[in-house]
Amino acid sequence: MNNIVIRIITGLIGVVVLGAIAGGVYWFFVSSETSSDDASSESFFARTFRPLFGVDVPTDVTPPQSTSTPTTSTGLPRFFQVWPEPVAGAYAFGASTTDIVRVVDAGTGHLFDVSLENGEARRVTNTTIPGIMHVHWRGADSLIVQYINSGSVDTVRSFNATVVYPETTAASTDVVGELVGEFLPDNIDVLATHNDQFAYMIDGRLVYNNQTIFESPLHGWQLDWIDDSTLLVTSNASSETDGIAYRVTTSGVVTRIIEPTRALTARADEGVLLMSSGIDIFVQTSNEESDVYFDVQALPEKCISDSAVRVVCGTSIQLPTIQNLPEVWYQGVLHFTDTLWEIDTVTGEAVEIGIPQQAFDIVPLSVAPNTNAVLFSDKTTGTAWVYFR
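None of these values were measured; they are calculated from a predicted model.

For the coordinates displayed, the defined rule picks out 1 disulfide. Through a disulfide, Cys303 is tied to Cys313; the S-S separation comes to 2.0 Å. Across the S-S bond of Cys303 and Cys313 the torsion is about 110°, and the bridge reads as right-handed. Separated by 10 residues along the polypeptide, Cys303 in strand E22 (residues 303-307) and Cys313 in strand E23 (residues 310-315) bring together distant segments of the chain. On the basis of relative accessible area, Cys303 is assigned to the buried category, the value being 0%. Taking the relative accessible area as the measure of exposure, Cys313 reaches 0% and is therefore buried.

Turning to the nonpolar core, a few remarks are in order. In this structure, Phe80, Val82, Val101, Val103, Leu116 and Val386 are the most contacted members of the largest nonpolar core, which totals 18 residues. Taken together, the elements giving at least two residues each to this core come down to strand E2 (87-95), strand E3 (98-105), strand E4 (111-115) and strand E28 (383-387). Excluding anything up to four places from it in sequence, Val101 contacts Val82, Ala90, Tyr91, Ala92, Phe112, Asp113, Val114, Leu116, Leu375 and Val386.

All right, on to the side chain of Ser216 then. Counting through the fold element by element, Ser216 comes out in the loop between strand E13 (211-215) and strand E14 (221-227). By relative accessible area, Ser216 is classed as buried at 10%. Reaching out from Ser216, the side chain makes a polar contact with the backbone nitrogen of Leu218 at a distance of 3.0 Å. With residues up to four places along the chain from it excluded, the contact list for Ser216 reads Gly204 and Trp221.

So, about the packing of aromatic side chains. Across all of its chains, the model carries 15 aromatic pairs by this definition. Here Phe159 and Phe183 contribute two aromatic rings whose centre-to-centre distance is 5.0 Å and whose plane-to-plane angle is 35°, an arrangement assigned as tilted. In this pair, Phe159 sits in strand E8 (residues 155-164) while Phe183 sits in strand E9 (residues 178-183), placing the two residues 24 residues apart along the sequence. Take Phe159: its relative accessible area is 9%, and that puts it in the buried class. One aromatic cluster in this structure is built from Phe79, Phe360, Phe376, Trp385 and Tyr387. The ring of Phe183 is capped by Arg157, whose NZ or CZ atom sits 4.0 Å from the centre of that ring. For the cation-ring pair, Lys379 lies above Trp329, with the distance from its terminal atom to the ring centre recorded as 4.9 Å.

Moving on, we come to the sheet that holds E13. Pairing between sheet strands relies on hydrogen bonds along the backbone, with the strands arranged either parallel or antiparallel. Strand order in the open sheet made by the 4 strands is E10-E11-E12-E13, with antiparallel pairing throughout. Among the strands making up the open sheet, the edge pair consists of strand E10 (190-194) and E13. The average undirected angle you get between the axes of adjacent strands in this sheet is 25°. Inspection of the sheet shows strand E11 (residues 197-202) paired to strand E12 (residues 205-208) by 4 bridges, in the antiparallel sense. Pairing of Tyr200 across the sheet is with Val207, part of E12.

Before going further, it helps to examine the pairing of E12. Between the antiparallel neighbours E11 and E12 lie 2 residues, among them Asp203 with a positive phi of about 55°. Count of turn residues in the E12/E13 antiparallel hairpin: 2 residues, of which Asn209 carries a positive phi of about 55°.

Basis of the calculations
Residues numbered from 1 in each chain as written. Predicted model: local features only at pLDDT ≥ 70, side-chain atom pairs only at ≥ 80, totals over all residues. Heavy atoms only, no water. Disulfide = S-S within 2.5 Å. Helix = DSSP H or I, 4+ residues; strand = E, 2+ residues; numbered from the N terminus. Buried < 20%, exposed > 50% of the residue type's maximum accessible area, 1.4 Å probe, protein only. Core = buried A, V, L, I, M, F, W, Y, C linked by side-chain atoms within 4.5 Å. Contact = heavy atoms within 4.5 Å. Polar contact = N/O pair within 3.5 Å; in protein donor to acceptor, adjacent residues only side chain to side chain. Phe/Tyr/Trp six-rings, centres within 6.5 Å; stacked < 30°, edge-to-face > 60°. Lys NZ or Arg CZ within 6 Å of the ring centre and 35° of its normal. Pairing = 2+ DSSP bridges. Axes fitted to C-alpha atoms, helices over the stretch in contact; angles between N-to-C directions.

Printed below as a string of structure tokens:
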């Protein structure tokens, strides 16, 4: 009798196990074909085993989403390549509810607009300018293009240009314009723009509005704008010599702003004065003893002002100890692999905000006014990108 009972119990257990296996197989191969959009549908597995085991089996399971290519609400990638080819310059400006990035194709000099709403591009000009070195923006339709005019003696030409559209079709979004303007003196050493203003250095002279406002027997200066009426003049950076920097007003008042500093680099943007000795970057204040050093190391040229109290920089958590910085970076001998950081200019606190999935040597260019996207170039490839925050 006991043997019979044991056999019956064993048989029942076998039936239950086989039923479980069959149900699982059916659920896996058949029920999975049921549309997940039907909220009232329930898998065979759930219908079968909820009453048997009293377990609440989920009926609509969403698989985890891949974060390998995160996108924005517009469907564009978080890191979006604005133009497929290297660019000579890029400029972000607001248009209605979105932003536009205007790029200068490095190969042709043609201008294109790329929408940050949908990534669509349209041609702006057909003016061909080969050999472009730099583009300095004075607005979306005003720019100074510096290029090499090859000949028996190469000449650096600076074309102060405006985008001009045909009057008869000015209202059309499909209109293609041309660059029209005048040439500045040849062989300008360095040039800087601020809104619609510009200044340049040639043969050791700083020229603004056709007037010399600063002069030095030394050549090799860098130029930037601190604000509407003040320029920053910094000696070329070298790891082997001390650098110096001056404030120069547009009326010609010159003030030295830092003691001679080894490997000095500097950048001014929207009133924020960034300086570094090598890669130890800080914000200079009115009192040199209260200068604010950042939590991360970076070169000022790899930072841009985001607000009165914040900058965005391309840098790494830990930069390697390298001889001959920063000149090896300027020369293209060294390239960094960067992420994007927001840095508080009052406290120096740094927060990592963007980690690209490929190697970028980031040089921030501007912050788009509507989308708050960071426009930057990759120094290694010459391509232009935006990061949507």
